[in-house]
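# Results of the structural survey
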There are 2 protein chains.
Amino acid sequence: MKVALRALCASLSLLCAAPAVHADGKDVIEYRQHIMKTLNEQAGVVGQILSGAVPDDNVLSHLDALALTASTALKAYTPKVPGGEAKPEVWSNWPDFSKRMNEFARMTAAMAKTGHEQGKDAALAMVVDALSCKHCHETYRQEKAKK
Amino acid sequence: MKVALRALCASLSLLCAAPAVHADGKDVIEYRQHIMKTLNEQAGVVGQILSGAVPDDNVLSHLDALALTASTALKAYTPKVPGGEAKPEVWSNWPDFSKRMNEFARMTAAMAKTGHEQGKDAALAMVVDALSCKHCHETYRQEKAKK
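What you are looking at is a predicted structure, and each value in this text was computed from that prediction instead of being measured. Within every chain, residues take consecutive numbers counted from 1 along the sequence as written. Chain letters start at A and ligand numbers start at 1, both assigned in the order the entries are written. A pLDDT threshold of at least 70 governs which residues receive local features in this predicted model, and a stricter bar of 80 or more applies before side-chain atom pairs are shown or counted, although totals over entire chains, interfaces and linings include all residues. To get the side-chain values, all heavy atoms of the structure are used, and hydrogens and water are removed first.

### Topic: the packing of helix H2 (residues 25-50) of chain B against helix H3 (residues 59-76) of chain B
Residue and element names in this part refer to chain B. Relative to each other, H2 and H3 sit at 155 degrees, their axes nearing to 9 Å. Accordingly, the angle class assigned to the pair H2 and H3 is roughly antiparallel. Crossing hand, H2 versus H3: left-handed. On H3, the residues touching Val28, Tyr31, Arg32, Ile35, Thr38, Leu39, Gln42, Ala43, Val45, Val46 and Ile49 of H2 are Val59, His62, Leu63, Ala65, Leu66, Thr69, Ala70, Thr72, Ala73 and Ala76. Each residue is assigned to one class: nonpolar for Ala, Val, Leu, Ile, Met, Phe, Trp, Tyr, Cys and Pro, charged for Asp, Glu, Lys and Arg, and polar for all the others, Gly among them. Taken together, the residues of the contact of H2 with H3 sort by class into 15 nonpolar, five polar and one charged. As a rule, the C-alpha atoms of each element are fitted with a line to give its axis, helices using only the stretch in contact, and angles between N-to-C directions run from 0 to 180 degrees. Secondary structure elements are defined from DSSP: runs of H or I of at least 4 residues count as helices, runs of E of at least 2 residues count as strands, and each element is numbered from the N terminus. Roughly parallel covers angles under 35 degrees, roughly antiparallel covers those over 145, roughly perpendicular covers 65 to 115, and oblique covers all other angles. The crossing is said to be left-handed when, going from far helix to near helix, the turn is anticlockwise and less than a right angle, and right-handed when the turn is clockwise. Contact criterion: two residues are considered in contact whenever any of their non-hydrogen atoms come within 4.5 Å of each other.

### So, the side chain of A:Thr108
Structurally, the position occupied by A:Thr108 is in helix H6 (residues 94-118). Leave out the neighbours within four places in its chain, and A:Thr108 touches A:Leu66, A:Ala67, A:Ala70, A:Ala130 and A:Leu131.

### So, the environment of A:Gly83
Residue and element names in this part refer to chain A. Summarising the element assignment, Gly83 is placed in the loop between helix H4 (59-76) and helix H5 (89-92). Burial status follows relative accessibility: with a 1.4 Å probe on protein chains alone, a residue under 20% of its type maximum counts as buried, one over 50% as exposed, and anything between as partly exposed. A relative accessible area of 23% places Gly83 in the partly exposed class. Along the chain, Gly83 and Gln33 lie 50 residues apart, while their C-alpha atoms are 10 Å from each other. Residues in contact with Gly83, not counting those within four places in the same chain, are Ile29 and Arg32.

### With respect to the pattern of salt bridges
All names here are of chain A. Every case where a carboxyl oxygen of Asp or Glu lies within 4 Å of a side-chain nitrogen of Lys or Arg is listed as a salt bridge. The final tally for this structure, using the stated rule, is 18 salt bridges over all chains. With a closest N to O distance of 2.9 Å, Arg106 and Glu103 form a salt bridge. In this pair, Arg106 and Glu103 are both assigned in helix H6, three residues apart and thus about one turn of the helix distant. Under the relative-accessibility criterion, Glu103 is labelled partly exposed at 36%. Its salt-bridge partner being Arg141, residue Glu143 comes within 4.0 Å of it at the nearest N-O pair. Members of the salt-bridge network, linked through shared partners, are Glu85, Arg141 and Glu143.

Printed below as a string of structure tokens:
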């Protein structure tokens, strides 16, 4: 959080200047990593709820956060900037990658909507289909060794 | 994500059994860490947007995700389970801690609402007040050395 705050505080003046923004490679990679890590944390929460490890009181908020974040994910990969844990196949197989990401956004949105309309049990029954992260990661992610 | 998926897949049967859930200490700590890490990642995104490092196309979704996650944060600390990076003061100063967390939820919700009603520039002007994470962390967080 400290890093984020430094960025926030250092940059308010830029807001007023309204510069044209051209993200460089490092920024692009960092941005998509923020998004994927958010998805990882929120999927972790849903996993805890599903396994009964923690109560499900806030599950609708977590499903909403997942859907919102998923809706931002594809765009984060639009700039063709290999690096981080993204394999080059993200861009060389873009039609497949983008189809999967759009499906992910669609499914998580449907799960959140179901939660609000039909209740949490109906939504949680959709989790395995909505959070099929592994299939995509096997093809498009080169997981780095944990530091 | 693999861990989350394992939890998801291993636990669907529990859903049907609808067990009474009593989170143990490790689960409680893990849950609140998922939430705080989500906040950290999304605040990082907002910092990148503010500094002009990445475009602001998805800023409203990020502000919504922040507000949603902030709304779940206080409840994650309700079980009195010291550990992780939470100092014991979280619970010994609970009236202050909970007041700050409620204020954080209120401010991030107001920022997101402003974004939808008045546009992103009006919302981003509220960032320094809404994301005053540092003040709270100085009192209530014992940051662990990075691994």
